[in-house]
Every structure is written in C-alpha cells, then in structure tokens.
Amino acid sequence: MTTTPPPGTPLGSLPPREHLRLGQSVIVLDVVVPVHNEERDLEPCVRRLREHLARTFPYGFRITIADNASTDRTPDVAARLDDALDEVTAVRLEHKGRGRALRTVWSLSEAPVLAYMDVDLSTDLNALLPLVAPLISGHSDLAIGSRLSRSARVVRGPKREFISRMYNLILRGSLAARFSDAQCGFKAIRRDVAERLLPMVEDTGWFFDTELLVLAERAGLRIHEVPVDWIDDPHSTVHIVRTAADDLKGVWRVGRALATGGLPLDRLARPFGDDPRDRELTGVPGGLARQLVGFCAVGGLSTLLYLALFSLFRLGAGAQPANAAALLVSALANTAANRRLTFGVRGRDRVVRHQAQGLLVFAVGLVLTSGSLAALDTAGGTAAHGTELAVLVAANLAATVLRFLLFRAWVFPDRERRDGLTAAPHPAPDQNDLTRSAR
C-alpha cells in the first residue's frame, strides 16, 4: 500500500476534489473495523457489513479488520475471514488503541474514501451510503454519524445518553465545537484530507475522533453530519468512566494548544485550494477584506468586554482608573484575538513582542478615551453614567481605524503573517508493529 500523491501534485497542496466515476473497478471505500477481543461479534459483523456493501454500494470496497492487540481468538477469526472473503483484509497491531489502529490503516490505505465503524454495528447500515456520498461527490471533507441530531432515532439507557450529551456540551463550551456528536463510531474522511490531518492528531485511543474533528473544524474543513438510527449494545466492553476521564484530559490538552497557538492550523485550509475565502479579490490588497471582517468582529466583542469591565470597575473607583483598567484588560484580549483570528499569526514566537506593541496601541486608545472623559468633565461637571458610556463608545470608534492600521502595518505586517510554524509530522506507522495478512 502507498500514500504517495499522484504525479504532478505538490506534497503541500491538494488537487481539486472531484466526483469519483461510477463503475470504477478500483477500491473506492475502505471500511475499517477496529477490534480488541471481539471473537464473538467479529464474524457476524463483517459478514453482514460485506453483504450490505455488495448489495447497496456501487463502487469497489474493502473491509479492513484492525485487530489491536487482542488476546482471545479474534486474530484467528480475522485471519479466517481474510482467507474466505475477497473483500476482507486483516491487520494485526501489537499495541492497543482505536486511534492507533485507525491511523495505521488509514495511513497505508490507497482508497480515496476511508471510513470506520464499531464492531457491534449499533448504527443502522443504511446510513453508510449517505455518510460517504458527500465525500465521493467532492462536497465535504469528513462525514460523521450523529445520534444527537433531531431526526436521529436512538435506543439507549439514560446513563449513556446523559454522558454523551454532557460530553458534547463540554466540547461546545470549551473547544467551540459545532459538530453535534463526537464519539459515534461511524465516520468517514477523504484520504487526501487524512494525509494532512493525521500527522497533527496525537491521541491513539478513544479521543482520536474528537481531536480529528476539532482540528478539521478549526482548519475550516467541511464536516457533513448524517442522522443515524442507533441501538445501544448492552454487551459493550467500553469502560465509560476511564474513557470519560481520558477524553477530558484530551479536551484540556487540545484546548490549551489552541489557546496558546501551539497548533499550526492557520494555513491548513489554504492548500486545499477550493475555499472561496482564499480567493483574491481584484483591486483589494491580499487578505484585507477578511481582516476587516475579523477585526470588526473582534472589536465588537472587545468593546462589549470593555464596557462591562468599565461598569464593574466604576463601582469601586473613579472614571479615569476604571477606564484605564478596563481598557488594559480588554486590550490584552483584543491583541491576542486579533493576532490569531484576524491576522493569522500562530505559535508562541514573538507573542510577547506583539503584546508589547499592542499595549502601545492601547496607549493611543487610552489617550483618546481619557481625553474624551476629561473634556466631558470640563464641559459639564459630573456627568451621568450613561453619558460617560456614550462618550467612551464614540472615542473608541474613533480609535478603531487607527488601531487597525497600526496592527496591520506595524504589529502584524505581511512578513510576520507569512511566518508560521509547521506541523511536526507524526511518525509513520511502525512496520514492526504491523503485520498484514496478504493473499
């Protein structure tokens, strides 16, 4: 197997996504079934999945059994299925971890569409074709089954239902995730996308799915969701408490990396070449339109934060100290947000210098707002709180244009926006850790 890009395709870019032609004899879909000590469920699962694909899937397909360190008869069952069914291949890994199994098989597969599903087949197989169709057509980059969609039909106990919904709420609150179901064992990805994303995913266990989705979403890739019919497997061997604890550790790790700019996602979407947001506009300097939108959005949120802090500090201090303190805190947050979201600067390099320059820009705003308050005091004596807020809003709007120009030309010039960290590639699958049954 090989993951070498097609001739003429630069390693740092991807060709346009195209619809795969109907009737191709090559393998289009590789469905991975990761297993650990599943001697009872493996054979009925694989035979049922193969029969369904042969009957409903109009392309060539393969089912890959990824046995990660089973200690029962699972390897024997996998080998027997490999020998008996042409569309089935067995892979043996000597270390546990669902994420490790998926990374290994997906990295070696030559199929343009990669998928996986749990061995218990809790998800109705009728959702498989809708899952991979948007990837085959070129519409989406990843696809996931969702048990939390409104039109999904799910049968499971209240304990698992509660844990699942709480976990997804945590993802939305901490990582700003917009996908609805991170851990449904029913997902697919285009191979050209997987080649770029897999080296950035650290987890090798159950958090692998979540980390992959968060990175893809933050990179601007399109994630397609399919409502599924799902029936809980009462014999599942997943340890809920330990898995939940590991997931929370993963959330903290990824959240910290995103907050500190440790993940170089800034230009991950650009090499794909089909994001209309990356197209240049005639007569507009590179990136200006997007930067203006981002700057205005960050500025609006910063203004709300500033006004809230000013009102809070004003309860225990005069107008001038409250203004200075509120402006200082909001300026630090504004510089960090504009650094990452507006001007696309990632990583920790020069972050202290950028904050220092941002504080000088903050001084400009302080002079304008403090001067406005002083003028208000001189003109009318003791002003009402509402009048103070109105004057401060006007002064901040006047400083906004100058702040943007200083950020663009001095704090985050084009040269620095082009200087980005590059992802440290994840080690290739260890061939000593992998044995493949080949006919």
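Keep in mind the model is a prediction, meaning the values are calculated, not measured.

Basis of the calculations
Residues numbered from 1 in each chain as written. Predicted model: local features only at pLDDT ≥ 70, side-chain atom pairs only at ≥ 80, totals over all residues. Heavy atoms only, no water. pLDDT = per-residue confidence, 0-100. Contact = heavy atoms within 4.5 Å. Core = buried A, V, L, I, M, F, W, Y, C linked by side-chain atoms within 4.5 Å. Buried < 20%, exposed > 50% of the residue type's maximum accessible area, 1.4 Å probe, protein only. Helix = DSSP H or I, 4+ residues; strand = E, 2+ residues; numbered from the N terminus. Lys, Arg positive; Asp, Glu negative; His and termini not counted. Salt bridge = Lys/Arg side-chain N within 4 Å of Asp/Glu carboxyl O. Polar contact = N/O pair within 3.5 Å; in protein donor to acceptor, adjacent residues only side chain to side chain. Phe/Tyr/Trp six-rings, centres within 6.5 Å; stacked < 30°, edge-to-face > 60°. Lys NZ or Arg CZ within 6 Å of the ring centre and 35° of its normal. Axes fitted to C-alpha atoms, helices over the stretch in contact; angles between N-to-C directions. Parallel < 35°, antiparallel > 145°, perpendicular 65-115°, else oblique. Left-handed = near helix turned anticlockwise from the far one by under 90°. Nonpolar A, V, L, I, M, F, W, Y, C, P; charged D, E, K, R; others polar.

Student: Even after reading the chapter, I still don't get the confidence of the model for the protein chain, so can you show me in this structure?
Tutor: Interpreting fine coordinate detail is not advised for predicted regions of low pLDDT. When pLDDT is averaged along the protein chain, the result is 80, and 79% of the positions lie at 70 or above. Predicted confidence is poor over residues 1-13, with pLDDT under 50, and the contacts of this stretch with residues over four places away or in other chains come to 22 contacts. Counting interchain partners and residues more than four positions distant, the pLDDT-below-50 stretch residues 435-439 has 15 contacts.

Student: Explain the nonpolar core here, please?
Tutor: Buried together is how nonpolar side chains tend to be arranged in soluble globular proteins. Judged by nonpolar contacts, the single largest core of 41 residues is most densely connected at W106, L142, L171, F179, I189, L197 and L212. Sorting the residues of this core by element identifies strand 3 (88-93), helix 3 (98-108), strand 4 (113-117), strand 5 (142-146), helix 5 (158-175), helix 6 (191-197), helix 7 (208-218) and helix 8 (240-260) as the ones contributing at least two each. Among the elements that line this core, the one with the most residues is helix 7, at six residues. Once residues within four sequence positions are removed from consideration, L212 is found in contact with W106, L142, I189, L197, L198 and V201.

Student: Can you walk me through the side chain of R103 in this structure?
Tutor: With respect to the element layout, R103 can be found in helix 3. E211 provides the closest opposite charge to the buried, salt-bridge-free R103, at an N-O distance of 6.7 Å. Only 2.7 Å separates the side chain of R103 from the backbone oxygen of L198, close enough to count as a polar contact.

Student: How do you make sense of the side chain of T64 when you look at a structure like this?
Tutor: Checked against the element boundaries, T64 lands in strand 2 (residues 60-68). Relative accessible area serves as the criterion here: at 0%, T64 is assigned to the buried category. Among the polar contacts made by the side chain of T64, one reaches the side chain of D30 at a distance of 2.8 Å. For T64, the contacting residues outside a window of four places in its chain are D30, V31, V32, V33, T89, V91 and V105.

Student: Even after reading the chapter, I still don't get the packing of aromatic side chains, so can you show me in this structure?
Tutor: Note on aromatic pairs: each is described by the distance of the centres and the angle between the planes. With the rule as written, the count across this model stands at ten aromatic pairs. Relative to F407, the ring of F295 lies with its centre 6.3 Å away and its plane at 75°, an arrangement referred to as edge-to-face. Taken as a pair, F295 in helix 9 (residues 288-314) and F407 in helix 12 (residues 385-411) lie far apart in primary sequence, 112 residues in all. Each of the two residues, F295 as well as F407, counts as buried. One Lys or Arg, R147, reaches over the ring of W230 and ends 4.9 Å from the middle of that ring.

Student: What should I look at first to understand the environment of L341 in this one?
Tutor: For L341, the location among the structural elements is in helix 10 (residues 319-342). Look at L341 and you get exposed, because its relative accessible area is 58%. Each C-alpha atom, one on L341 and one on A297, is 9.7 Å from the other, the two residues being 44 residues apart in sequence. In this view, L341 contacts V298 and R346; residues no more than four positions away in its chain are not counted.

Student: Hey, could you run me through the pattern of salt bridges in this one?
Tutor: It is possible for side chains of opposite charge to pair when their charged atoms get near one another. Taken as a whole and judged by the stated rule, the model has 21 salt bridges. Salt-bridge contacts for E110 lead to R62; the nearest nitrogen and oxygen are separated by 3.2 Å. Of this pair, E110 sits in the loop between helix 3 and strand 4 while R62 is found in strand 2, placing the two residues 48 residues apart along the sequence. Residue E110 is classed as partly exposed on the basis of its relative accessible area, which comes to 32%. The buried category is assigned to R62, whose relative accessible area is 8%. Of the charged contacts, one joins R253 and E202 as a salt bridge, the two residues approaching to 3.4 Å between their closest N and O atoms. Here R253, found in helix 8, pairs with E202, found in the loop between helix 6 and helix 7; they are 51 residues apart in sequence, far enough to count as distant. Assessed through its relative accessible area of 22%, R253 is described here as partly exposed. For E202, a relative accessible area of 51% gives the class exposed. Residues joined in a network through salt bridges with shared partners are R98, D118, K187 and D209.

Student: Whenever I open this one, the packing of helix 1 (residues 42-56) against helix 2 (residues 74-84) confuses me. Can you help?
Tutor: Packed helix pairs are characterised by how far apart their axes lie and by the angle those axes make with each other. One can describe the packing of helix 1 onto helix 2 by two numbers: an axis separation of 10 Å at closest approach and a directional angle of 25°. In terms of orientation, helix 1 lies roughly parallel with respect to helix 2. The handedness of the crossing between helix 1 and helix 2 is right-handed. Residue-level contacts link L42, E43, V46 and R47 of helix 1 to T74, V77, A78, R80, L81 and A84 of helix 2. For the contact of helix 1 with helix 2, the residue count by class is six nonpolar, one polar and three charged.

Student: Please clarify how unusual backbone geometry should be interpreted in this entry.
Tutor: For residues that are not glycine, phi is negative in most cases, and the peptide bond is trans in most cases. Positive phi, close to 65°, is recorded for A69, a residue that is not glycine. Summarising the element assignment, A69 is placed in the loop between strand 2 and helix 2. Its identity as a non-glycine residue notwithstanding, L121 has a phi of 50°, on the positive side. Summarising the element assignment, L121 is placed in the loop between strand 4 and helix 4 (128-137). Look at L121 and you get buried, because its relative accessible area is 10%.

Student: Honestly, the packing of helix 3 against helix 7 in this entry has me stumped. Any pointers?
Tutor: Where helix 3 meets helix 7, the closest approach of the two axes is 8 Å, and the angle between their N-to-C directions is 60°. Considering their axes alone, helix 3 and helix 7 lie oblique with respect to each other. Counted together, R98, G99, L102, R103 and W106 of helix 3 and F208, D209 and L212 of helix 7 form the full contact between these two elements. Taken together, the residues of the contact of helix 3 with helix 7 break down into four nonpolar, one polar and three charged.

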